[in-house]
Amino acid sequence: MMDIIATVDIGATKTTASLCTREGIIIRVYQKTKLEGPEDTIPRQVKELIDACFIRSGLGTEGLKAVGISTAGPFQKLDGYLHLVSPNICGGMAPERGILPNEWKLVPLERVLSDHYDNIVIQNDAVSGVVAESIFGSGKGLDNLLYATWSTGIGTGALVDGRLIKGKNGNAPHGGHVFLVDGGPRCGCGDDGHLEALSSGTAIARDYGGGASTAEVFGSYHKGDEKAIRIINEASRHFARGLASINNILDTEMIIIGGSVFLNNVDVLLPLVKEEFYRSFPTLSREVQIVPTTLGEHLGDLAALSLVIQNDWIDPWKIKRPWERAPETIVLD
Ligand SMILES: [Zn+2]
């Protein structure tokens, strides 16, 4: 019987699930993250997506060895189970923002899924992202590596001296919620002036106003719209200062940046981030390389996989890079 690993990447916007074997990715499905309903809606959706992968691929569930879940964080441990307490998923954390269609204060992710699966590993998406980058990506072989995702929210994960840092609830280093501005805009976590509240895709759309999406603000930027230029310059400046602060604490070798806001606009954002980052204390900043992820849309799958990958899969996956020949993603309603 073939060993199978299920991977799940839960974002604030979409959730992706796949089934992998030693040879590669067998099937990959994608659905908008369900943010309405009771607080166990997301774990039930995860189970449904994994079920859909098995049904559509014809593989038998008896081969399933592990489920790796990479998700927007942070987490809180209650009764021994990791619960999601994510500002971009749980609308009950800062209801005055009025952005999310639910009043969840937390999501019982591990408690619900542990009824269905024996071997689950759940990790913050930026923390699992740095693991994937260190195995499969540009960070291969580096002992000091920072991964930052710039998307609906902002997250960071780090290897320091060759070790993944996690902290007591798996939240280290939670870079999106470092304080940058006194009395700044309200963050989804309920505090004011955090990096995420200043630079995330959500913040860029909020600052532009008029119901424009983040992508539309970048469209206006390219047309020379002064307001869009100012907002994107400021968001980049804050993002770079956040990274510089985290680097000042961790003394990293390379910062790899991913996330949809960054990757869709890398030509605009990378130079702005570099310019501001290298302006900070040169002794600490000048040797740090800043690069975009090369794992593209598969970073989330690889992040989830890297949490539970079997040792004898690592070399074949590194050599064959099967994610580059993954089957076309099936979009579910
Ligand atoms: Zn915050």
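Just so you know, these numbers come straight off a predicted model, no measurement behind them.

S.K.: Can you walk me through the pattern of salt bridges in this structure?
M.R.: Side chains that differ in charge, positive against negative, can pair when their charged atoms come close. One pass over the structure, following the stated rule, counts 15 salt bridges. For R186, the salt bridge is made with E96, and the minimal N-O distance between the two is 2.6 Å. Here E96 lies in the loop between β6 (81-84) and α2 (109-113) and R186 lies in the loop between β10 (163-164) and α4 (195-199), a separation of 90 residues in the sequence. Its relative accessible area of 36% is what places R186 among the partly exposed residues. Here the salt bridges do not stand alone but share partners, grouping R241, E275, E276 and R279 into one network.

S.K.: I tried to follow the environment of S245 on my own but got confused; where do I start?
M.R.: With respect to the secondary-structure elements, S245 resides in helix α7 (residues 226-250). Taking C-alpha positions, S245 is 9.5 Å from L180, a pair spaced 65 residues apart along the chain.

S.K.: I'm lost on the coordination of the zinc ion in this one. Help?
M.R.: When a metal carries six donors in an octahedron, the ideal angles between them are 90 or 180 degrees, while four donors in a tetrahedron ideally lie at 109.5 degrees. Looking at the zinc ion, the protein donor atoms are H177 (ND1), C187 (SG), C189 (SG) and H194 (ND1), and they sit 2.0 to 2.3 Å from it. Angles of 101 to 122° at the metal separate the four donor atoms of the zinc ion, which places the site in the tetrahedral class. One chain supplies every donor to the zinc ion, and in sequence these donors are spaced H-x9-C-x1-C-x4-H. Residue H194 is classed as buried on the basis of its relative accessible area of 3%.

S.K.: Looking at this structure, I do not really get the sheet that holds strand β8 (residues 145-150). What am I missing?
M.R.: Whether parallel or antiparallel, the strands of a sheet pair through hydrogen bonds between backbone atoms. Sheet architecture is open: five strands sit in the order β10-β9-β8-β11-β12, paired in mixed fashion. Every interior strand has two partners, whereas the edge strands, β10 and β12 (289-292), have only one. Relative to strand β11 (residues 254-258), β8 is paired through five bridges, and the arrangement is parallel. Bridge assignment links L145 to a residue of β11, and that residue is M254. Helix-sheet contacts for helix α3 (residues 125-136) involve β8, β9 (154-160), β10 and β11, and the interaxial angle to β8 is about 130°. Taken strand by strand, α7 contacts β8, β9 and β11, and its axis lies near 155° from that of β8.

What counts and how
Residues numbered from 1 in each chain as written. Predicted model: local features only at pLDDT ≥ 70, side-chain atom pairs only at ≥ 80, totals over all residues. Heavy atoms only, no water. Salt bridge = Lys/Arg side-chain N within 4 Å of Asp/Glu carboxyl O. Helix = DSSP H or I, 4+ residues; strand = E, 2+ residues; numbered from the N terminus. Buried < 20%, exposed > 50% of the residue type's maximum accessible area, 1.4 Å probe, protein only. Donors = N, O, S within 2.8 Å, 3.2 Å for Na, K, Ca; no water. Tetrahedral: all angles 85-135°; square planar, octahedral: opposite > 155°, others 65-115°. Pairing = 2+ DSSP bridges. Contact = heavy atoms within 4.5 Å. Axes fitted to C-alpha atoms, helices over the stretch in contact; angles between N-to-C directions.

In short, shape yes, function no, at least from these values alone.
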